[in-house]
Amino acid sequence: MRTETMHPKVAKIVNNIEKVVVGKRNEAILSITALLAGGHVLLEDVPGVGKTMLVKSIAKSVSSMFKRIQFTPDLLPSDVLGVSIYNPKTMEFEFRPGPIMGNIILADEINRTSPKTQSALLEGMDEGKITVDGITYHLPKPFFVMATQNPIEYEGTYPLPEAQLDRFLLKMKMGYPSHDEEVEILSRVEKRLPIEEIEPVITGKELQGLQEEVKNVYVDETVKSYIVLLSDRTRNHSQVYLGASPRASIALMKAAQAYAFINGRDYVVPDDIQFLAPYVFSHRLILRSEARYDGVTPQDVIYSILSTTRVPIIRR
Amino acid sequence: MILQKKSFESLLVHLFVFLLILEWLYPLADFDIIYNSFIFILFLVLCFLLSFLRFRTSYNLMVVFLYIVVALNLYFFNKSGLGLLWPDQIVGDIVQNLNFTRQGNWGLLTDSFRTFLMFLLLALLVYVLRYWIIVRKKPFLFFLFTIIYLVILDVFSTYDAKFAIIRSFVFGLSGLGIITFYRLTNREQLYRSRIFKSKVLMFLIFVVFATTSLGMIVPKADSQWANPFSFLDRYGQSTGKGEGGTGNVKVIGYDEDDRFLGGPLLLDDNEVFSVLSPHSQYWRVETKDVYTGKGWETSAEEHFLRFNGADDGLPLYHVEEQYLEQDMYTVFVETNADINHFIYPYGTEKVIVHASPIVEVNDEGGSAKITGFSAGSTRPLYVDPGREKIDLGNGVERYAIMFRRPSYNIDVLRSVTDASGIEQAFLERYTQLPEQLPERIKNLASAITTGQTNWFDKARAIENYLRSYEFTYDTIDVAVPGPEDDYVDQFLFETKRGYCDNFSTAMVVLLRSLGIPARWVKGYTNGVAMNSDISEYQVITITNSHAHSWVEVYFPGVGWVPFEPTKGFLNFGRFHMDIGQSEAQEELSVNQEFELGENEVREPLNEIELEEGPDAISSTEKSGKELPGWFLLFISLLFMVVLLILFFKRKRWIPLLLIVKYRNKTDGSAFEKAYLTLIKRLEKVGLSMDAGDTLRDYARRIDDSFRSKHMSELTHLYERMVYGNGRVKLEKINWQEPWEQLMRKTARL
């Protein structure tokens, strides 16, 4: 996607990110899509491909509170949420907020920690508030979590259950850079790290404003019916054990609104849906074991559904 | 699709289908419906060969056409070779038969034309069967129909289909087996090795052989229906119309006895008169004046007066002198020996018995001319003035008639509004009606003629009423009046279906109920005219089917004027009008005069209403009279060729038509439609949208293949219309130009 056709504010963010991360425009845009749609992103890939760098560059582009939580097997929920400590001066318990109290959170290696700690974060992501010692604290806005995880085949991980995965709007992979890109990365980091040089290009307030605008992006009945058609076909697909839920349909629509907004449109077209469907649906489908043994991935299923479902081209 | 290639299997299937069609043809030959089945079988062989060899359609058409022409030439016109590929006979024949077809005179079609149609039918049949069986691979229905056809023939006719059924079974099953084998292997994508094929073929032969022999060996029950006809007859009698009438079918022809009219008619093509005449006209035989409620009788006793043929003043058809044209014409009539009545044209003045034309052949031009006629005999002739009927006596097979054609002035006819000036006895005679005539006929007559003041317009109104869509011309399903029914009443109010007798009698009765003197005339219509070698003369053949009846109305000061109420026939009377300027008169009277062309059937409009607005006859109909037959044929052939070209080139002109359609439309819904139309056109030229394609993907593909950006531009607009809830003001955007360019490109592909 060319930056000229993008929404100008988004284009600025993307340019900023590209100063740091090489050749990952698609992932950058997807991240911003989730950010604008008010959802969260799950990045899945092997270590060292730039997951953290991507999140950091997004966080630095938005002048907002950036927090990082490194998940380890011994991390406790209070390490995430915060803890009340007795203050001998006032003779009261005072709440010391945890790293979750930020605008942009990098939840690094989320599948390395115990399910107890995972769910502490995920509940916060879902509801926008946390409860500690019976007192509810609202999380700041905007609130955007980018979690990274190593592929679950690796040892020493606690795979996220399906219900938890559902909390993420998008799931994507980073992938290795190409040869030229990797050479470019090397030259960039030769003298100093570019991440330290980028400046914020958008304020938190502005970001919130954009999030509000995204909600006004028009989704025609025609397109809605296309979304539902796709969800429905995942449910009836022969290789799928559990198809996309209505929540998945909602997620796809919201993501499409944000994506259309990024593209400078105030309405959603089926192309948006086709682009986003693999990222929105893939972590929400459970394939039948036969299909898994055959090496079929959820993406394969989604692509086959996309290529066989007729796109509605006439207004309903 | 191995069956669509020149393979052995395809040959086998073609052969079996051919053999099955032959089974349809054999019974036709057996019943003498076709006399020479050889030319048809050869034709079928040719058609199947062409279908098998898969030449281009145009070659196939040419070969088939050539065969038909040569076959018709050889068989009907006794001409050999291709030298006379396009002879007059064939053209003339086709023209004449097209006329019959237009008229619905199916019985009159000549054998050559029927043969031609049969060829056409067979060619179409082969074409359809090819699609049905070879392409679609659905042979069963045809097989089933063949068996049903044979069974019905076997049961209800003298045709013995015993072996035909066995043959069809063998051929049909074999063909079915081969086609099913290919359909199944195609569907399952099996590899057809030689051994596999031969195994299947062996099995098929075994199955066919086994089932056939089993079917022949096993005992069969005797037929349950000893004679299906007696059963059906019984059935028919118990439910059919029991009461009323004789119910017997009459054969059309001239019948002296008209006391009981009604019932169906059969067509009879036997020739009764052959006439040499300069033009076509109706032929009178006699008139009748007494309507009985069931049919017609004459009031006067039969009473023939003796005349010398050359005498003037024969008491035949009477019209005042000023309404006869100056030109005297002569016609020569040859009658069939079995006929004991004589025909004459309107305006007959002299009848010369035994006269035959003297033909002089001009050596230079080669055209022949009638210069006079042999004196004939002095034999007297007899005329019955009461019926206006001629009797020439037995043994007269040829005679000449000299006549002057009447032409009626409409203005004069319109001036007649009542019966003043008519003798009372005369008036009573021609306004006679049976006492028990139902009242509603009179009411109907008044209703039809409401608003008309003069007799002529009243007669026209009744004529038009009878020719309207309410009535149907039919010779088969025609009722016979029951003992209590009035013939006219039944026709006018109940059946509304009949032939000339119904229409003409009804008109006479309606007129009489209004007090207008009218009578019933019998005779023959024009007959079939053919060009003759003699200049200015036509050979007119009159058959029994041309027997006809019509109406004459008496106008004081003019005489009897003919009217034609029967649907499908046109008033042959020649009418003219007075126009102020004398110069104009001549010209217009030529236009307005009209006579019935050769068996032409036109809309029930009347020419004299030319001046009167909505019902005016169209100019094409008028000019149709002057156009020669070959021209009509040429025009219709041209028309068909144009239609065919238009059909095959539709990809080229439909887009251009659509461009014109959308050119001046700028609103959003027009754009939406135009865009979708464009997609349809693109699909027609092979650039169709795939299942997963979004409009953008598609537009990119189209633009790639056309090397343009128009489709993407349009798609962008359309997306906004459809997915963006019409968030675009199209008035400001010129969508037509890129759209038109794309449409043009589809036309060029």
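Up top is the structure.
Just so it is clear, the model here is predicted, and its values are computed rather than measured.

*Asks:* Explain the overall build of chain B here, please?
*Replies:* For chain B, the helix and strand inventory stands at 23 helices and 24 strands. Within chain B, the fraction of its 749 residues that count as buried is 47%. Long-range contacts, defined as pairs at least 24 residues apart, comprise 72% of the intrachain contacts of chain B with a sequence gap of at least 6. Counting every atom, chain B has about 38300 Å² of accessible surface; 58% of that belongs to carbon and sulfur.

*Asks:* How should unusual backbone geometry be read in this particular structure?
*Replies:* Peptide bonds are, in most cases, trans, and in most cases residues other than glycine have a negative phi. Backbone torsion omega between A:Lys141 and A:Pro142 reads -10°, so that peptide bond is classified as cis. Tracing the backbone shows A:Pro142 in the loop between β8 (135–138) and β9 (144–149). One non-glycine residue, B:Lys137, lies in positive phi territory at about 60°. Along the polypeptide, B:Lys137 turns up in the loop between α5 (111–135) and α6 (140–156). Residue B:Lys137 is classed as buried on the basis of its relative accessible area, which comes to 6%. The phi angle at B:Glu388 is positive, at roughly 55°, despite the residue not being glycine. Mapped onto the secondary structure, B:Glu388 falls in the loop between β13 (381–384) and β14 (389–391).

*Asks:* Help me understand the interface of chain A and chain B, please; the structure alone is not making it clear to me.
*Replies:* Interface size is commonly expressed as the accessible area that is lost once the parts come together. Taken residue by residue, the interface counts 22 residues in chain A and 23 residues in chain B. Summing both sides of the interface, chain A and chain B together bury roughly 1800 Å²; the carbon and sulfur share of this comes to 52%. It is A:Tyr267, A:Ile313 and A:Arg315 in chain A that bury the most area against chain B; as a group they hold 37% of the surface buried on that side. Our count for the chain A to chain B interface comes out at one salt bridge. Of the charged contacts in the structure, one is a salt bridge between A:Asp271 and B:Arg696, with a shortest N-O distance of 3.8 Å. Where the side of chain A that touches chain B is concerned, the elements lending two or more residues are α9 (221–235), α11 (270–281) and α13 (298–308) of chain A. For the side of chain A that touches chain B, the class distribution of residues is 11 nonpolar, five polar and six charged.

*Asks:* I tried to follow the sheet that holds strand β19 (residues 518–524) of chain B on my own but got confused; where do I start?
*Replies:* Within a sheet, each strand pairs with its neighbour through backbone hydrogen bonds, oriented either parallel or antiparallel. Residues and elements named next belong to chain B. Taken together, five strands build an open sheet; the order of strands is β9-β4-β19-β22-β23 and the sheet is antiparallel. Only two strands of the sheet have a single neighbouring strand rather than two, namely β9 (344–345) and β23 (559–563). Looking at chain direction, β19 and strand β22 (residues 547–555) are connected through seven bridges and run antiparallel. Bridge pairing in β22 links Ala 518 to Val 553.

*Asks:* Whenever I open this one, helix α1 (residues 8–20) of chain A confuses me. Can you help?
*Replies:* Helical geometry note: an α-helix holds 3.6 residues per turn, so side chains three or four residues apart project in the same direction. With 13 residues, α1(A) extends 19 Å from end C-alpha to end C-alpha; this agrees with the ideal 18 Å at 1.5 Å per step. Within α1(A) the residues assigned to the buried category are A:Val10, A:Ala11, A:Ile13, A:Val14, A:Asn16, A:Ile17 and A:Val20.

*Asks:* Even after reading the chapter, I still don't get the pattern of salt bridges, so can you show me in this structure?
*Replies:* Side chains that differ in charge, positive against negative, can pair when their charged atoms come close. Residues and elements named next belong to chain B. Taken as a whole and assessed by the stated rule, the structure comprises 32 salt bridges over all chains. Arg 429 is the partner of Asp 289 in a salt bridge, and the nearest nitrogen-oxygen pair spans 2.5 Å. Of this pair, Asp 289 sits in the loop between β4 (283–288) and β5 (290–291) while Arg 429 sits in helix α11 (residues 424–430), and the two are 140 residues apart along the sequence. Between Arg 405 and Glu 325 there is a salt bridge; the shortest N-O distance is 4.0 Å. Pair noted here: Arg 405 is in strand β15 (residues 398–406) and Glu 325 is in strand β8 (residues 324–335), with a separation of 80 residues, a long-range link. Each of the salt bridges in this network shares a partner with another, and the network as a whole consists of Arg 284, Glu 388, Arg 519 and Glu 552.

*Asks:* Before we go on, may I ask you to explain the sheet that holds β9(A) in this structure?
*Replies:* Residues and elements named next belong to chain A. Pairing within the open sheet is parallel, and its five strands lie in the order β3-β6-β9-β1-β10. Both outer strands of the open sheet, β3 (66–70) and β10 (170–173), are each paired with one neighbouring strand and no more. Neighbour-to-neighbour, the strand axes of this sheet turn through a mean angle of 20°, independent of strand direction. Across five bridges, the pairing between β3 and strand β6 (residues 104–108) is parallel. Opposite Arg 68, over in β6, you have Leu 106 as the bridge partner.

*Asks:* I would appreciate a short explanation of the packing of aromatic side chains in the present structure.
*Replies:* Aromatic rings considered in pairs are described by the distance between their centres and by the relative angle of their planes. Residue and element names in this part refer to chain B. This model, assessed by the stated rule, comprises 42 aromatic pairs over all chains. Consider the rings of Trp 296 and Trp 520, whose centres lie 5.4 Å apart with planes at 5°: the pair is stacked. Here Trp 296, found in strand β6 (residues 296–297), pairs with Trp 520, found in strand β19; they are 224 residues apart in sequence, far enough to count as distant. Taken together, the aromatic side chains of Tyr 662, Phe 671, Tyr 675, Tyr 718, Trp 735 and Trp 739 make up a single cluster linked through ring pairs.

*Asks:* Can you help me understand the nonpolar core in this one?
*Replies:* Grouped burial of nonpolar side chains is what soluble globular proteins tend to show. Core analysis: the biggest nonpolar cluster contains 103 residues, and A:Leu36, A:Leu54, A:Met146, A:Ile273, B:Met711, B:Tyr723 and B:Trp739 have the highest contact counts within it. Contacts of B:Trp739, omitting those with residues within four sequence positions, involve B:Leu658, B:Ile659, B:Tyr662, B:Ala674, B:Tyr675, B:Leu678 and B:Leu714. The next biggest cluster of nonpolar side chains, apart from the first, holds 55 residues, and it includes B:Tyr282, B:Phe503, B:Trp520 and B:Val553.

*Asks:* Honestly, helix α22 (residues 710–722) of chain B in this entry has me stumped. Any pointers?
*Replies:* With 13 residues, α22(B) extends 18 Å from end C-alpha to end C-alpha; this agrees with the ideal 18 Å at 1.5 Å per step. Buried residues of α22(B): B:His710, B:Met711, B:Leu714, B:Thr715, B:Leu717, B:Tyr718, B:Glu719, B:Met721 and B:Val722, and no others.

*Asks:* Help me understand a positive patch on the surface in this model?
*Replies:* Residue and element names in this part refer to chain B. Among the surface-exposed residues, Arg 650, Lys 651, Lys 680 and Lys 684 lie close enough to one another that they form a single positively charged patch. Looking at the positive patch, the elements with two or more residues in it are α19 (650–662) and α20 (668–684). Within the secondary structure, Lys 651 is located in helix α19. Given the relative accessible area of 38%, Lys 651 is considered partly exposed.

*Asks:* Please clarify how the environment of A:Gly38 should be interpreted in this entry.
*Replies:* Examined against the element boundaries, A:Gly38 turns out to sit in the loop between α2 (25–37) and β1 (41–44). Sequence separation between A:Gly38 and A:Lys254 is 216 residues, and the spatial gap between their C-alpha atoms is 8.6 Å.

*Asks:* For this particular structure, what's the right way to read the environment of B:Thr677?
*Replies:* All names here are of chain B. Mapped onto the elements of the fold, Thr 677 is located in helix α20. Residues Thr 677 and Met 743, 66 residues apart in the sequence, show an inter-C-alpha distance of 9.2 Å. The contacts of Thr 677, once residues within four sequence positions are left out, are Leu 658, Tyr 662 and Met 743.

*Asks:* Can you help me understand the packing of α6(B) against helix α7 (residues 162–188) of chain B in this one?
*Replies:* What describes two packed helices is the angle between their axes and the distance between those same axes. All names here are of chain B. The geometry of α6 relative to α7 is characterised by a closest axis approach of 10 Å and an angle of 175° between their N-to-C directions. As far as their axial angle goes, α7 and α6 are roughly antiparallel. Between α6, through Phe 140, Phe 143, Thr 146, Ile 147, Leu 150, Val 151 and Asp 154, and α7, the contact on the second element is made entirely by Lys 162, Ala 164, Ile 165, Ser 168, Phe 169, Gly 172, Leu 173 and Leu 176.

The rules behind these values
- Residues numbered from 1 in each chain as written.
- Chains lettered and ligands numbered in written order.
- Predicted model: local features only at pLDDT ≥ 70, side-chain atom pairs only at ≥ 80, totals over all residues.
- Heavy atoms only, no water.
- Helix = DSSP H or I, 4+ residues; strand = E, 2+ residues; numbered from the N terminus.
- Buried < 20%, exposed > 50% of the residue type's maximum accessible area, 1.4 Å probe, protein only.
- Contact = heavy atoms within 4.5 Å.
- Areas by Shrake-Rupley, 256 points an atom, 1.4 Å probe, with all protein chains shown as cover.
- Buried area = accessible area lost by both parts, 1.4 Å probe.
- Salt bridge = Lys/Arg side-chain N within 4 Å of Asp/Glu carboxyl O.
- Nonpolar A, V, L, I, M, F, W, Y, C, P; charged D, E, K, R; others polar.
- Pairing = 2+ DSSP bridges.
- Expected span 1.5 Å × (residues − 1).
- Axes fitted to C-alpha atoms, helices over the stretch in contact; angles between N-to-C directions.
- Phe/Tyr/Trp six-rings, centres within 6.5 Å; stacked < 30°, edge-to-face > 60°.
- Core = buried A, V, L, I, M, F, W, Y, C linked by side-chain atoms within 4.5 Å.
- Patch = residues over 30% accessible without salt bridge, like charges linked within 9 Å, V, L, I, M, F, W, Y side chains within 5 Å.
- Lys, Arg positive; Asp, Glu negative; His and termini not counted.
- Charge placed at Lys NZ, Arg CZ, Asp CG, Glu CD.
- Parallel < 35°, antiparallel > 145°, perpendicular 65-115°, else oblique.

So far we have only geometry, and geometry alone does not tell us how the molecule works.
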